[in-house]
Structures are given as C-alpha cells and as structure tokens.
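Notes for the structure review
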Amino acid sequence: MPQNTTINRRIVLNSRPHGAPTAKDFRLDRGPVPKPAAGQVLLRTLYLSLDPYMRGRMSDGPSYAAPVAIGDVMVGGTVSRVEDSRHGDFKVGTLVLGYGGWQDYALSDGKGLTPLYPDDPHPSHALGVLGMPGFTAYMGLLDIGRPVAGETVVVAAASGAVGSVVGQIAKLTGCYVVGIAGGADKCQYVSAELGFDFCVDHHADDLPGRLAAACPKGIDVYFENVGGAVFDAVLPLLNAKARVPLCGLIATYNATELPPGPDRLGLLVGTLLRKRIKMQGFIVFDDYGPRWSEFAGAMREWVRQDKVKVREDVVFGLESAPEAFIGLLQGQNFGKLVIQLAHE
Ligand SMILES: NC(=O)c1ccc[n+]([C@@H]2O[C@H](COP(=O)([O-])OP(=O)(O)OC[C@H]3O[C@@H](n4cnc5c(N)ncnc54)[C@H](OP(=O)(O)O)[C@@H]3O)[C@@H](O)[C@H]2O)c1
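All residue numbers refer to position in the chain's written sequence, counted from 1. Per-residue local features of the predicted model are confined to residues with pLDDT of at least 70, and side-chain atom pairs are confined, for both listing and counting, to 80 or more; whole-chain, interface and lining totals are unaffected and use all residues. To get the side-chain values, take all heavy atoms of the structure and skip hydrogens and water.

Once that is clear, we can look at the layout of surface pockets. Points on a 1 Å grid, built from protein atoms alone, make a cavity when a 1.4 Å probe fits but cannot get out and make a pocket when they are open with protein on both sides within 12 Å along at least 5 of 7 lines; residues with an atom within 4 Å of a point are the lining residues. Grid points are joined across faces, edges and corners, and a volume is the space filled by probe spheres set on the points. The calculated volume of the second largest pocket comes to roughly 780 Å³. Residue assignment for the lining of the second largest pocket shows that the elements contributing at least two residues are helix 6 (228-234) and helix 7 (265-274). When grouped by side-chain class, the residues that make up the lining of the second largest pocket number 15 nonpolar, 6 polar and 5 charged. In this description a helix means any DSSP run of H or I spanning at least four residues, a strand means any run of E spanning at least two, and both kinds are numbered starting from the N terminus. Note on residue classes: Ala, Val, Leu, Ile, Met, Phe, Trp, Tyr, Cys and Pro are nonpolar, Asp, Glu, Lys and Arg are charged, and everything else, Gly too, is polar.

Right, here's the structure in full:
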C-alpha cells in the first residue's frame with residue numbers, strides 16, 4: 001500500500017466506454033500532492049467507495065448528474081484523514097466523509113465534508129450502511145415501499161450494499177422477506193447470516209418458477225435494484241396495490257441498445273393499471289436529503305445493536321479500483337465494495 005507523501009496518484013477517465021467498461025477506459029496519473037490554500041484542507045484518502053452510479057458518470061448520455069470529463073479524476077465518496085488544514089473547522093488528524101474521488105489526496109474547502117465520530121470503530125461504514133447506500137435502502141423501502149408487517153417484500157442484489165439493508169429493515173418491520181442474489185454463496189449468506197426468509201439464485205434455471213414458489217402469497221413490495229430478467233420474473237407476481245421503489249437497474253447499465261424480443265411496455269403498464277401498482281423512481285440525496293439525520297440516528301442504533309449486519313468487500317490499493325469497479329457491474333463483489341488506500 002503506497003505511503004508516498006509527495007506524489008498524488010489519480011485514476012482519471014481515459015475514454016467513454018461502449019458497453020462494459022474496460023481497463024483502457026481508466027488511466028493512472030501521477031502529480032504532486034497539492035497544497036491547501038487559506039480556507040482549504042488537504043485530505044488523505046483512506047477508503048474509496050465504488051458504486052454502480054459511477055458507470056453513469058463515465059457516459060455522456062442523459063442523466064440526473066453531469067458526466068466526468070475525459071481526463072478528469074473519477075468521482076467517488078471517500079473517508080479521508082485531514083492531513084493539513086488551513087480551515088478553522090477541521091483539525092489535522094480528523095477523519096471525514098467527503099467526495100474526494102479516485103485519488104490519494106484531495107483538496108476541499110470544507111463544503112460537504114462531515115467529520116466522523118472520533119470513536120467510530122469502522123470508519124468505512126460511512127460509505128456503506130451508515131452512508132449513501134444505507135440511506136437509499138432506508139428511504140426507498142420506508143417512504144416508497146411502505147411495508148406492513150406480514151407483507152411479502154422482495155429485493156434484488158440482496159447481498160449488496162443497498163439490498164442487504166433493505167431486507168434487514170423489512171425483517172425488522174415484520175415482513176416475509178425474499179432476496180434475489182447471484183450464486184449459492186451469496187444466497188446462503190442472505191438467508192443464514194442476514195436472516196431473510198428465503199433467497200433465490202438468479203443464475204440458476206427457472207428463476208420465474210423458483211421465485212413464485214418462494215412467494216406463495218405474491219409480492220407486496222419489490223425493491224428494484226436490477227431490472228432485466230429479474231424484473232421480468234417479478235412482474236407477474238406483484239399483488240394488487242403493490243409498491244415498487246425503483247432504485248436502480250444495474251442489469252442495463254452497460255447496455256448499448258434495447259434488449260431483443262417483443263416490446264413489453266404494454267405488459268408493464270397494463271399490469272400497473274389493472275393491479276393499481278405504484279412504481280416510483282428516486283435519487284436519494286435529491287429526494288430525501290433533509291431526512292439524513294433521521295436515517296443516521298436509526299441506522300447507527302440498528303448497527304450498534306447488531307439488528308443490521310454489515311459485510312464489506314475491501315480491496316487494497318488505488319490501482320485495483322478499475323478492475324474492482326468492472327467486477328461490481330458483473331456481480332463479482334460480495335458486500336459493500338470499498339477500496340482501501342491507506343491505513344487509518
Ligand atoms: N436511486 C438511488 O439513489 C441509488 C443509490 C444507491 C444505489 N442505487 C442503485 O442500487 C443498486 C444496488 O447498488 P449497490 O451499491 O447496493 O450495489 P451492490 O448490490 O453492492 O453491487 C451490485 C450487485 O448488482 C448485482 N448485479 C450486477 N449485474 C447484474 C445483473 N445483470 N443482473 C442481476 N444482478 C446484477 C450483483 O449482485 P448479484 O451477484 O447478487 O447478482 C452485484 O454484486 C444499483 O442499481 C444502484 O445503481 C440507487
């Protein structure tokens with residue numbers, strides 16, 4: 001792990017991917033570590049969060065957020081240590097949550113930086129269960145999904161950063177919870193460790209039949225993380241008045257064209273109409289920013305009491321980030337994917 005204090009390594013966007021990103025779409029740059037001006041802090045990145053939304057930032061198609069420019073450092077949430085400070089609010093040594101991107105060091109004027117609790121045993125959790133993915137799970141499930149005890153809740157990408165938390169909150173609410181995940185190990189973890197009632201492997205044959213068998217009373221809340229074949233299996237099982245928080249569609253993020261086959265839009269909207277289903281997209285900070293402290297208080301307590309369990313997939317070294325990110329889009333991560341750049 002590099003501890004060079006004069007060189008700043010940065011992973012920049014080298015080219016816009018067509019389809020799945022490849023290593024050539026990223027470039028490792030080196031430059032001097034920047035010096036903070038008055039009102040700024042220098043941050044040493046300890047942990048970098050890798051998240052599916054970054055695929056959208058690599059493209060310049062329509063999006064809710066601006067793309068990364070070619071040659072610019074890849075964006076990303078970070079937990080960093082204040083290495084040098086010319087800002088009255090941040091002391092050297094403080095750990096902060098910020099948005100430093102894929103690089104060893106970053107400058108900040110303090111806007112958007114949140115100090116971590118000094119005694120926090122797991123600073124990287126600020127990028128996962130106690131951060132953006134946990135907030136997404138909490139708001140999408142509770143505000144849009146509105147689960148009621150006894151209902152059936154289904155969530156895809158169930159062992160991942162968002163899905164694992166969705167299912168555990170749904171269990172705390174008293175629901176029957178079914179996860180969908182890729183592979184036997186992930187399914188075993190979701191049911192045995194996280195306490196979901198069932199987990200269906202979407203890589204095995206006959207997903208529609210096995211999902212139907214796992215949901216004998218149909219589906220009242222489907223938390224959509226994936227799209228594609230998984231949503232095709234879910235749609236016929238949705239009950240009247242079901243709620244579908246539309247969080248993400250990772251199965252399509254590398255797609256370059258619409259999938260082949262008959263147009264299924266009529267089937268979708270017909271089902272929504274006949275069954276009076278509510279399906280709502282959301283972008284967590286845009287839609288729920290003011291409710292952050294409510295989430296943070298509840299989730300910190302659940303984690304402290306071990307009511308919400310956490311699994312991280314920690315990969316070492318900034319240079320590993322492109323490959324780890326490419327793997328995230330193929331289901332190779334197991335838990336919240338985090339790159340560790342330096343020791344705490
Ligand atoms: N709306 C918002 O504000 C918001 C905020 C955060 C995240 N999100 C979305 O939430 C979703 C989950 O994000 P996350 O951070 O929790 O990621 P994650 O679950 O930790 O990792 C991604 C997982 O997606 C699954 N996956 C990838 N390709 C797939 C495919 N073709 N078909 C089915 N599953 C596939 C894989 O799990 P398996 O191996 O189990 O298939 C993979 O491990 C993403 O769609 C993301 O964009 C939205």
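Bringing the pattern of salt bridges into the picture now. What makes a salt bridge here is a side-chain nitrogen of Lys or Arg within 4 Å of a carboxyl oxygen of Asp or Glu, nothing more. Within the structure shown, the criterion is met by 17 salt bridges. A salt bridge links Arg 10 to Asp 29, with the shortest nitrogen-to-oxygen separation between them at 4.0 Å. One end of the pair, Arg 10, is in strand 1 (residues 7-13); the other, Asp 29, is in strand 2 (residues 26-32), and 19 residues separate them in sequence. The partner of Arg 81 in a salt bridge is Glu 83, and the shortest N-O contact between them spans 3.4 Å. Within the structure, one salt-bridge network assembled from shared partners comprises Arg 9, Arg 44, Asp 104 and Glu 319.

Side-chain atoms within 4.5 Å link the members of a nonpolar core, which is a set of buried Ala, Val, Leu, Ile, Met, Phe, Trp, Tyr and Cys residues. Relative accessibility under 20% of the residue-type maximum defines a buried residue, over 50% an exposed one, and the middle range a partly exposed one, all with a 1.4 Å probe and only protein chains included. Ranked by internal contacts, the top residues of the largest apolar core, which has 36 residues, are Leu 141 and Met 299. Ranked by residues supplied to this core, first place goes to helix 2 (residues 132-145) with 6 residues. Residues in contact with Leu 141, not counting those within four places in the same chain, are Thr 136, Arg 146, Pro 147, Val 153, Val 166, Ile 169, Ala 170, Val 221 and Phe 223. One finds Val 230, Leu 237, Leu 268 and Ile 277 within the second-largest nonpolar core, a separate group that totals 23 residues. The contact rule is simple, with two residues in contact once any of their heavy atoms fall within 4.5 Å.

Once that is clear, we can look at empty space enclosed by the protein. A water-sized probe, rolled over the atoms, reveals where empty space remains. For the structure on display, the rule yields 1 cavity of 30 Å³ or more. Roughly 100 Å³ of internal volume is contained in the largest cavity. As for the largest cavity, its lining consists of 15 residues, of which Val 129, Ser 164, Val 310, Arg 311 and Lys 336 are closest to the centre. Top contributing element to the lining of the largest cavity by residue count: helix 3 (residues 161-172), with 3 residues. Its residues assigned to classes, the lining of the largest cavity shows 5 nonpolar, 6 polar and 4 charged.

With that out of the way, let us pick up helix 5 (residues 207-214). Along helix 5, the residues classified as buried are Leu 207, Leu 211 and Ala 214. What you see down the axis of helix 5 is that its buried residues fit within an arc of 60°, all on one side. Looking at the packing, one finds that the buried side of helix 5 touches strand 8 (152-156), strand 9 (176-181), strand 10 (198-201) and helix 6. Pairs of N or O atoms within 3.5 Å make up the polar contacts considered here, provided that, within protein, one atom can donate a hydrogen while the other can accept it, and that residues adjacent in sequence are counted only when both atoms are side-chain atoms. The N-cap residue of helix 5 is Asp 206: its side-chain oxygen and the backbone nitrogen of Gly 209 are 3.0 Å apart. The arc in question is the one traced by the directions running from the helix axis out to the C-beta atoms.

We now examine the pairing of strand 4 (residues 78-85). It is a general feature of regular strands that their side chains alternate between the two faces of the sheet. Pairing between two strands requires that DSSP report at least two bridges joining them. By the bridge criterion, 7 bridges tie strand 3 (residues 41-49) to strand 4 in an arrangement that is antiparallel. In the sheet register, Leu 42 faces strand 4, and the bridge partner there is Asp 84. With 4 bridges joining them, strand 4 and strand 5 (residues 95-98) adopt antiparallel strand pairing. Looking at the pairing, Val 79 lines up with Leu 97 of strand 5.

Turning next to the state of the cysteines. For this text, the term disulfide refers to a pair of cysteine sulfurs within 2.5 Å. Across all of its chains, the model carries 0 disulfides by this definition. Of the cysteine sulfurs around Cys 175, a residue in no disulfide, the closest is that of Cys 215, at 12 Å. Using a relative accessible area of 3% as the deciding quantity, one classes Cys 175 as buried.

Another aspect to go through is the site of the ligand. Nearness is defined per residue: one heavy atom within 4 Å of the molecule or strand is enough. Close to the ligand lie 26 residues, the nearest being Val 162, Lys 186, His 202, Tyr 253 and Asn 333. Phe 282 has a polar backbone atom sitting 2.7 Å from a nitrogen atom of the ligand. Note on areas: Shrake-Rupley, 1.4 Å probe, and residue coverage restricted to the protein chains presented here. Burial of the ligand by the protein chains amounts to 90% of its free accessible area of 910 Å². Those elements that place two or more of their residues in the shell around the ligand are helix 2 and helix 3. Of the residues that constitute the shell around the ligand, the class distribution is 17 nonpolar, 8 polar and 1 charged.

Now for the packing of aromatic side chains. The description of an aromatic ring pair rests on the distance of the ring centres and on the angle between the ring planes. Two rings belonging to Phe, Tyr or Trp (six-membered ring only in the last case) form a pair when the distance between their centres is within 6.5 Å. Interplanar angles under 30 degrees mark stacking, angles over 60 mark edge-to-face geometry, and anything in between is tilted. Under the counting rule described, the total for this entry stands at 14 aromatic pairs. A centroid spacing of 5.2 Å and a plane angle of 40° characterise the contact between Phe 135 and Phe 295, whose relative ring orientation is tilted. One end of the pair, Phe 135, is in helix 2; the other, Phe 295, is in helix 9 (residues 292-304), and 160 residues separate them in sequence. Like Phe 295, Phe 135 is buried. Relative to Phe 295, the ring of Tyr 138 has its centre 5.7 Å away and its plane inclined at 65°; by these criteria the two rings are edge-to-face. Note that Tyr 138 is positioned in helix 2 and Phe 295 in helix 9, a separation of 157 residues in sequence. With respect to burial, Tyr 138 and Phe 295 carry one shared label: buried. These aromatic residues form a ring-pair network of at least three members: Phe 135, Tyr 138, Phe 285, Trp 292, Phe 295 and Trp 302. When the NZ atom of lysine or the CZ atom of arginine is within 6 Å of a ring's centre and also within 35 degrees of its normal, the charge is said to sit over that ring. Directly above the aromatic system of Tyr 189 lies the positively charged group of Arg 311, at a separation of 5.1 Å from the ring centroid. Stacked on the ring of Phe 334, the Lys or Arg Arg 311 has its end atom at 3.5 Å from the ring centre.

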